[in-house]
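# Summary of structural features
Listed here are the chains, written in short residue letters.
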Amino acid sequence: MTTYTAPTKDMQFVLHDTLGIAQQDVPGYADLDRDFTGAILEAAGQLASEVLHPLNEVGDREGCTLENGVVRTPTGFKEAFDQVREGGWTALDADEAYGGQGLPYIMGTAVGEIMSAANMAFNMYQGLTHGAYSAIHVHGTDAQKEKWLPKMVSCEWTGTMNLTEPHAGTDLGMMRTKADPQPDGSYKITGQKIFISAGDHDMSENVVHLVLAKIKDGPEGIKGVSLFIVPKFLVDDDGNVGARNGVSVGKIEEKMGIHGNSTCVMNYDEATGYLLGQEHKGMRAMFTMMNEARLGVGLQGYAQAEVAYQNALAYALDRLQGRDVTGVKNPDGPADPLIVHPDIRRNLMDQKSFVEGARAFTFWGATMIDRAHRAEDKDADGLISLLTPVIKGFLTDKGYEMASNAQQVYGGHGYIEEWGMSQFVRDARIAMIYEGANGVQALDLVGRKLAQDGGKHVMAFFEMVKSFCKEHAEDEAMAGFVGPLKEASKDLQAAGMYFMQEGMKNPNAALSGSYDFMHMMGHVCLGLMWSKMAKAAMDGLKEEGADRDFLEAKIATGRYYMQRQLPATKMHLGRIQTGPEVIMGLDATAF
């Protein structure tokens, strides 16, 4: 049986010492003092460790079952969902006008990490609902918001997003699901959707599906796609749940991981649906949901690495194997603990330095979302748009790698199911695929986001890094951070220049290097976060009563990242500059 403890001390350090949220001029942030956020995180941590994490293995072992058209969730899930809902956790950062608590998105993000690390499959039920809530909140009419949002905020009704079809994944323009207009203004939705997370279950009174479909006689391709609200049960004007809609579960997918979440094939047979947003503008509305979901998926990646790291560390401290080559460390035992060995230390330091850097990066991204939405800051909106594919792609790639590394610490026991480590690896794997596979994230970054608004946002990012380096150039204590960060940023800029010079002549010159560029940018972002955390830790050490052990460990972990991980930018730059020929040179028939 694995365990999980919310890393609240580190979260507080990021929120207050690194990001200084209470001092920011974002509406609502002045209320986020250390005591207030600490109380929320501690309460969430207790719920996660005592209720949600013990169900993680249960969900993995039992999975979900389809009985007479109804999906049954694993033992204990419904009771835990009731507890989460009754505690107000589903309403944390939702609009107060619809029963939410109105807290900033950053707090929903921090609590989301805790619950995702504790039980990723379980947390997806409310996570998908939040995404559907956001789409309706932004694009719905006043009547739609009044009708659907209060019950979705409380998770009395849950939500989903329905994009993928058997023949249409990334290329949504190929979808065949149809929407036929009705005299009363509704539509009849007919078609099949696959891979629908939380598609059906027994934990809520209703499920509100957001479904992409094409209105009859609309434009061809992606320009003809619209978004519809299609409930499992129809709802009258007074909000009462009525007859079953023409929505059914074809089957539950058998998956590699996240067994506790019901991933369904959904069949729509002239189901009643209601247009959300404008006709043929469905992707605009869906992207409201998808961009939020992509940050949430990036969070899932490092959250699985966090819980895997916690258990690997405990095992390395406890498991006796071999002797320290520099001298016995456990003279009263038959061997020394695993953690004395340099390769185990390397493995654990890789995990620790990634997770803590990823947390800071994601929390920083969440503050940009708050700044964009609450302060109507267009620059913040542009910057988070640029960084979203990096958060999703880089953090899930590395999160899976680190979960696998944590499994490796266990040796053979890591491959045995009773130790629980394989679940973290299996669960983390999906995060690299859904909400846009990571190769698509890289293409989005290089093909769209770099040039967005004339390249304004990527140039702002480079200027941000440059300004930080310049500000701390004379600080001798920061030399081990500023120097590597400056070099890595130069590598990233060189890659961007290569794309500009060669991409105009041959688009494949940019696209073939896009995945490497995404990882380069991820490393630079974590390098920037580690530099900021190191500075905050150094400042903290000057204060009376400082937690010296924590702060010194923070600085040491940051130095490790800067020296052992950040130099990967040079490898990625070298790959990019080889050009597209080495990738595209082999004829398709020769594979």
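The sections below set out a description of the structure shown in this document.

Rules of the game
- Residues numbered from 1 in each chain as written.
- Predicted model: local features only at pLDDT ≥ 70, side-chain atom pairs only at ≥ 80, totals over all residues.
- Heavy atoms only, no water.
- Helix = DSSP H or I, 4+ residues; strand = E, 2+ residues; numbered from the N terminus.
- Rg over C-alpha atoms; globule rule 2.2 N^0.38 Å.
- Buried < 20%, exposed > 50% of the residue type's maximum accessible area, 1.4 Å probe, protein only.
- Contact = heavy atoms within 4.5 Å.
- Areas by Shrake-Rupley, 256 points an atom, 1.4 Å probe, with all protein chains shown as cover.
- Lys, Arg positive; Asp, Glu negative; His and termini not counted.
- Charge placed at Lys NZ, Arg CZ, Asp CG, Glu CD.
- Axes fitted to C-alpha atoms, helices over the stretch in contact; angles between N-to-C directions.
- Parallel < 35°, antiparallel > 145°, perpendicular 65-115°, else oblique.
- Nonpolar A, V, L, I, M, F, W, Y, C, P; charged D, E, K, R; others polar.
- Core = buried A, V, L, I, M, F, W, Y, C linked by side-chain atoms within 4.5 Å.
- Phe/Tyr/Trp six-rings, centres within 6.5 Å; stacked < 30°, edge-to-face > 60°.

## Overview of the overall build of the chain
- Of the regular secondary structure elements, the chain holds 19 helices and eleven strands.
- What you see for the chain is a C-alpha radius of gyration of 24 Å, in line with the 25 Å of a compact globule of 591 residues.
- Considered along the principal axes of its C-alpha atoms, the chain spans approximately 80 × 60 × 55 Å.
- Counting all 591 residues of the chain, 58% fall into the buried class.
- In the chain, once contacts between residues fewer than 6 apart in sequence are set aside, the share between residues at least 24 apart is 74%.
- Accessible surface for the chain amounts to roughly 24,600 Å². Of this, 52% is attributable to carbon and sulfur atoms.
- Measuring between centres, the 54 positive side-chain charges of the chain sit 5 Å from its 78 negative side-chain charges.

## Quick notes on the packing of helix H5 (residues 105-118) against helix H6 (residues 120-139)
- Close contact between H5 and H6 brings their axes to 6 Å; oriented N to C, the two are set at 140 degrees. Taken together, the axes of H5 and H6 lie oblique to each other. Residues Gly-112, Met-115, Ser-116 and Ala-118 of H5 touch H6, and the partners they reach there are Met-120, Asn-123 and Gln-126.
- For the contact of H5 with H6, a count of residues per class yields three nonpolar, four polar and no charged.

## A short note on the nonpolar core
- Among the nonpolar cores identified, the biggest contains 147 residues, and Phe-361, Trp-364, Phe-461, Phe-517 and Met-521 are the most heavily contacted of them.
- A total of 16 residues in this core trace back to one element, the largest contributor, which is helix H16 (residues 514-541).
- Beyond its immediate stretch of four places on either side in the chain, Trp-364 contacts Leu-19, Leu-383, Leu-387, Phe-461, Met-464, Leu-528 and Met-529.

## What to know about the packing of aromatic side chains
- Per the counting criterion, the structure on display carries 13 aromatic pairs.
- With a centroid separation of 5.6 Å and an interplanar angle of 70 degrees, the aromatic rings of Phe-13 and Phe-550 are classed as edge-to-face. With Phe-13 in helix H1 (residues 8-18) and Phe-550 in helix H17 (residues 548-565), this residue pair connects regions lying 537 residues apart in the sequence. Taken as a pair, Phe-13 and Phe-550 share a single burial class, namely buried.
- Their ring planes at 85 degrees and their centres at 5.5 Å tell us that Tyr-315 and Trp-419 sit as a pair that is edge-to-face. With a gap of 104 residues between them, Tyr-315 in helix H8 (residues 282-318) and Trp-419 in the loop between helix H10 (378-409) and helix H11 (421-429) connect regions that are remote in the sequence.
- Tyr-315 sits in the buried class, given a relative accessible area of 7%.
- Three or more aromatic residues joined by ring pairs form one cluster here, namely Phe-77, Phe-81 and Phe-122.

## A few points about unusual backbone geometry
- The phi dihedral of Phe-195 is positive, around 60 degrees, even though this residue is not glycine.
- Tracing the backbone through its elements, the reader meets Phe-195 in strand S5 (residues 187-197).
- Positive phi, close to 60 degrees, is recorded for Glu-435, a residue that is not glycine.
- With respect to the element layout, Glu-435 can be found in the loop between H11 and helix H12 (438-449).

It is worth stressing that arrangement in space is one thing and function is another; only the former is reported here.
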